[in-house]
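Structure at a glance
Each chain is listed here by its residues.
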Amino acid sequence: MFEEIKKLIKAETYFFLVTPAFIWQFAFLVLPLIFVLILSLSQGQGSQLVQSFTLNNFYEIIDLSHIRIILRSIMLASTTAIASLLIAYPIAYFLALYVKRFKFFFLFLLSIPFLINLLVQVYAWFFILEKNGVINHTLMFLGVIQKPLNFLNSYFAIYLVMFHVYLPFMIMPLYSSLEKIDTKLIEASYDLGASFRTTFWRIILPLSMPGVQAGFFLVYVVSFGEYVIPSLLGGMKLFFVGTLISEYFFIGKDWHLGAAFICLSCGMLFLSALAYYWLFNKITLQSKIMR
Amino acid sequence: MMKKFHNNSEKQSYILSFVKINIRLLFILFWLSCITGFILLSYVSHYFVPQRSLSIYMWSDKIDESILQKFEKDTGIKIYVNYYESNEELITKFEIAKDLNCDIILPSEYIIQPLIQQGFLKKIDHSRCDFIDRLYPEFMNMSFDPANEYSLPIYWDVLGLGYTHSYFQDGLPSNSWNLIFNKKQVPCKQISMVDDSREAIFLSLKYLGWNSTQLNTQQLQTIEELFLAQKSWVGAYTDFQQGYFLTSKTYPLVVGQRERIVREMLTDNDLAFTIPDEGTLLLISNIVICASSQKDDLVYQFINYIYNHEMMMLSCKEFCLLPTVKDVLEELPQEYIGVQDCLPGQKNFKKLQIFPNVLTQKQINDIWIAFKSF
C-alpha cells in the first residue's frame, strides 16, 4: 500500500507543477474579468456596487461615438496585422527556407526590439519623425520637399510605429511554422511540374497557416487595445479603445461605464476575430482545392 | 456511516482515490499559501518602515529631490515619495485603497473639496506653521477651502499661450483666446492644445465670455461644437509636451501651463509666453495632511522646512514654479517667472480665476468623449 501511495505522489508531480499557473491565471485574469462583468451590470460610485443588476450601462454605452471608437481600433488592429503579415511572411520565408549561415544572427537581430523598452522605441521615433528629424532632412537633401513636413501626431505616425513594434511578433510564429515544413514536399512539387505560384498556394501556405493564424491573432488582439503608441504619436486627437478605457477609469472615475465599454469592445473584438478566423479557413480550403 | 467494501481491491482503490484527492488539495493549499505570502509581502513591508519617516504623494516636479535629501540629512527623518500623474489618479487611488498610508499630499485646488468631503484630509493646525504670515492673502480663503482648515497653498500657476519669435516675428497678431478658438484668427496651420478636459472647458468659457459658475445644457452643447470645430487646426492635445513642440518647431503656438513653457524659455530665446487679455485659469497647488497620518510632529517639521525661504527658492528655480510665499516670489528673478503684470497686487492678477466644480465629471467626460470620437 505504501508503495502504491509513493507511486501516486510521483504521478501527481505534473499536477504540482501546473497548479501555480492555474491559480495565477484564475486569480489575476479570470477573477478580474468576472469583476469587470459584475461592474458592467451594476451601478454605483467608483468600484462600489449599489444596484445589483442593471443593463443601463450598456444602454448608455451603445451609441455612435463609442461604436466609432471601437471600429477605429478594429481598423488600426486590422491594418497593423495585415501589413505586418505581408511584410513578415517574405522575411520569415527567407529566413526559414533559404538562410543557412548566420541564421541565429538574423534571429538575434529580430529579437532586439524585445530587449528595448517600448517607451524608448516610441520616443526614438520622435527624432525620426519630427520637423528636424531624419526623414525630413533626407527628403529635403534629396530635393523631394522644400519645407519640412509634420509627420508627428498623425495617423501615419501611429500606423508606422505600430507596424514597427508589432512586426517581430508576426515574424516569430511564421518562422517557426515555415521552418517545420519538409523541404522535400516543395522539391516534389517542383519535380511534378508545379510552378512557384502553385507550390506556394498548395503546399507552403496551407502548411504555414498555423503560423499565419498565430502571428495574425497575436498582433491583432494586442494592437486592438494599444494605449501608448496612439497616445504619444497620435497627439491624443482621437480616442482608441485603450485611451477611452483609461479615460473612464482614471479621469472620469466611472468604473461601471468603463467596465461596460470593456465588455462591448471585447465582444466586438471577438466577433471580428471570428470573421478573420473564418476568412483564414476559407483561404486554406481554397488553396487545397485550387488547381 | 462507514462505507462497506466487497473486496480488498475495492477498498484499496477507494483509499488511493481518497489519498489522491488529498494530495491535490495539499498541493493547491501549498501554492495558494505561497502566492498569498508573496502578495502579502508588500503589506508586511509597511511594518519595517522606520518610525521617523514620512510618506509623501506629489507630482514629480514640485519639490526638488536635493531638498528631500537635505531634509533627511538635517532631521534624520526618512522620506518616501510616491508620484502621481493626475489629480484624478490620486483620488481614484484614495477611493480604492481608503487609506493610502501616506502623510502629506500636494494636490491641485479643484480636488481639495472632494478629498475633504470624503474625509481623507486632516485639519491643519495653523499655530504650528511658522510661515502663514508670509503667504499672499490672495491665495488664502479660496472657495474650495474657505478658512484654509485643510489646505495651505504652496505654488500657483496659470495657463497661457506659448509661441516662437521666429514664426511670429512681429509678435502675436492679438493677445486673445481667439487665436486658438476662432478659425479666422488662428495664425498658423496647426497649434497644440491642453489635453485636460477641465482646463479646456474653462478656456472655451473665457473665449465665449460666459460665466464659469452657471452653465446650461445648451451652452455645454455649444462648447462641444466649439471643440469639434477647433479639432481641425489642433495638431496635438498634450499636458506635458508643449515645451518640446515649441523647441522642435513642431507647432509655433501652444496652449499650456506657464511653468512648462518658461522652463524651455530658460534655454531657448526663441520662445515667449503670454496670458491673453480675457484672463485665464489660476491653478493652485496645495499642501494637505492625510487623515490617517499619525505623525503630526514630523509632518509639521517637514511643512515648515519646505516653506523655508532657501528651500522654496531652490524648488522654484529648479522647476520654474511660482511660490505663494511673498518673500520668495519678490526675490525670484523675472526669467523664472516669465509673465508680466500678473503677480499678486499687479493689474492683471484680477483676471486670473479658479474654475469652481460647477460641472459634474460625467458632463465633462461626455463633452470630451463626444468630440474625440470624431
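Residues numbered from 1 in each chain as written. Chains lettered and ligands numbered in written order. Predicted model: local features only at pLDDT ≥ 70, side-chain atom pairs only at ≥ 80, totals over all residues. Heavy atoms only, no water.

Threshold: UniProt positions are given in the numbering used here, feature names are shortened, and annotations may be inferred rather than shown by experiment.
For chain B, an unreviewed UniProt entry supplies the name Spermidine/putrescine ABC transporter substrate-binding protein and the organism Candidatus Chromulinivorax destructor. Its UniProt record gives chain B a comment under Subcellular location (unreviewed entry), which states: "Periplasm".

Per an unreviewed UniProt entry, chain A goes by ABC transporter permease and derives from Candidatus Chromulinivorax destructor. Chain A has a UniProt comment under Sequence similarities (unreviewed entry) that states "Belongs to the binding-protein-dependent transport system permease family. CysTW subfamily." Annotation of chain A in UniProt includes, under Subcellular location (unreviewed entry), the sentence "Cell membrane".

**Concerning the layout of surface pockets**
The test is simple: Residues are called lining when one of their atoms sits within 4 Å of a cavity or pocket point, these points coming from a 1 Å grid over the protein atoms alone, where a cavity is a set in which a 1.4 Å probe fits but cannot get out and a pocket is an open set with protein on both sides within 12 Å along at least five of seven lines. Grid points are joined across faces, edges and corners, and a volume is the space filled by probe spheres set on the points. For helices the rule is a DSSP run of H or I covering at least 4 residues; for strands it is a run of E covering at least 2, with both sets numbered from the N terminus onward. Basically, the charged four are Asp, Glu, Lys and Arg, the nonpolar ten are Ala, Val, Leu, Ile, Met, Phe, Trp, Tyr, Cys and Pro, and anything else, Gly included, counts as polar.
In this model, the second largest pocket occupies a volume close to 760 Å³. Lining the second largest pocket are 34 residues, and of these Q45, G252 and K253 of chain A together with Q361 and K362 of chain B lie nearest its centre. Looking at the lining of the second largest pocket, the elements with two or more residues in it are helix 3 (56–61), helix 12 (241–251) and helix 13 (255–289) of chain A together with helix 3 (87–97), helix 4 (112–117) and helix 14 (361–372) of chain B. Looking at the lining of the second largest pocket element by element, the count peaks at five residues for helix 14 of chain B. Tallied by class, the residues present in the lining of the second largest pocket amount to twelve nonpolar, 14 polar and eight charged.

**Topic: the interface of chain A and chain B**
As a reminder, the rule being used: In this analysis, two residues are considered to be in contact whenever any of their non-hydrogen atoms come within 4.5 Å of each other. The term buried area means the drop in 1.4 Å probe accessible area that two parts suffer when joined, counted for both and summed. Here, a salt bridge means any Lys or Arg side-chain nitrogen found within 4 Å of an Asp or Glu carboxyl oxygen. Between N or O atoms, a polar contact is any pair within 3.5 Å; within protein, one atom must be a potential hydrogen donor and the other a potential acceptor, and residues adjacent in sequence are included only when both atoms are from side chains.
Each partner contributes residues to the interface: chain A has 44 residues there, and chain B has 45 residues. Buried area between chain A and chain B, summed over both chains or domains, comes out near 4,100 Å², and the portion from carbon and sulfur atoms is 65%. Summed over the three residues of chain A that lose the most area to chain B, namely F16, K237 and K253 of chain A, the buried surface amounts to 14% of that side. Summed over the shared surface of chain A and chain B, the result is two salt bridges. Between chain A and chain B we count 16 residue pairs in polar contact (both at pLDDT 80 or more) in total. Mapped by element, the contributors of at least two residues to the side of chain A that touches chain B are helix 1 (2–11), helix 2 (13–40), helix 4 (64–97), helix 6 (118–129) and helix 12 of chain A. Split into classes, the residues belonging to the side of chain A that touches chain B amount to 25 nonpolar, nine polar and ten charged.

**Quick word on the pattern of salt bridges**
Convention followed: Working definition: with a 1.4 Å probe on protein chains only, accessible area under 20% of the residue-type maximum means buried, over 50% means exposed, and in between means partly exposed.
This model, assessed by the stated rule, comprises 18 salt bridges over all chains. Here E60 of chain A and K362 of chain B are joined by a salt bridge, their closest N and O atoms 2.7 Å apart. Taken together, the residues E60 of chain A in helix 3 and K362 of chain B in helix 14 connect one chain to another. By relative accessible area, which is 36% here, E60 of chain A ends up partly exposed. A salt bridge links K93 of chain B to E89 of chain B; the shortest N-O distance between them is 3.1 Å.

**Details of the UniProt feature "domain: ABC transmembrane type-1" (unreviewed entry) in chain A**
In the numbering used here, UniProt assigns the "domain: ABC transmembrane type-1" (unreviewed entry) feature to residues 70–275 of chain A. The distance from the first to the last C-alpha atom of residues 70–275 of chain A is 16 Å, and the span holds 79% helix and 0% strand.

**So, helix 3 of chain B**
Residue and element names in this part refer to chain B. Across the eleven residues of helix 3, eight count as buried, placing the element largely inside the fold. Listed as buried for helix 3 are N87, E88, E89, L90, I91, T92, F94 and E95. Looking one or two places after helix 3, you find K98, whose phi comes out positive at around 65°.

**Remarks on the confidence of the model for chain B**
Cut-off, in case you're wondering: As a per-residue measure, pLDDT reflects the predictor's confidence and takes values from 0 up to 100.
Here chain B shows a mean pLDDT of 90. Residues at 70 or above account for 99%. The ipTM for the predicted assembly is 0.82, set against a pTM of 0.86.

**A closer look at the packing of aromatic side chains**
Where two aromatic rings form a pair, the distance of their centres and the angle of their planes describe that pair. Using the following cut-off: Put simply, two rings from Phe, Tyr or Trp (the six-membered ring, in Trp's case) pair if the centres are within 6.5 Å, and we call them stacked under 30 degrees between planes, edge-to-face over 60, tilted for the rest. Either the NZ atom of lysine or the CZ atom of arginine qualifies as a charge over a ring when it sits within 6 Å of the ring centre and within 35 degrees of the ring normal.
Tallied over the full model, the rule gives 47 aromatic pairs over all chains. Considering the side-chain rings of Y163 of chain B and F168 of chain B, the 6.0 Å spacing of their centres and the 85° angle between planes classify their relative orientation as edge-to-face. This pair shows no difference in class: Y163 of chain B is buried, exactly as F168 of chain B is. An aromatic cluster of at least three residues, connected via ring pairs, comprises Y89, Y93, Y98, F196, F200 and W201 of chain A. The ring of Y80 of chain B has K78 of chain B lying over it, and the distance from NZ or CZ to the ring centre is 5.6 Å. Directly above the ring of Y237 of chain B sits K372 of chain B, whose terminal nitrogen or CZ lies 4.8 Å from the centroid.

**A word on the nonpolar core**
Under the convention used in this document: We define the nonpolar core as a collection of buried residues of types Ala, Val, Leu, Ile, Met, Phe, Trp, Tyr and Cys that are connected through side-chain atoms lying within 4.5 Å of one another.
By size, the foremost hydrophobic cluster in this structure holds 112 residues, and its most contacted members are M193, F227 and L253 of chain B. Among the elements that take part in this core, helix 4 of chain A stands out by supplying 14 residues, more than any other. When neighbours within four sequence positions are excluded, F227 of chain B is seen to be in contact with F181, M193, A200, I201, S204, Y237, I367, W368 and F371 of chain B. Core analysis: the second largest hydrophobic core is formed by 86 residues, C102, V254, V288 and C320 of chain B among them.

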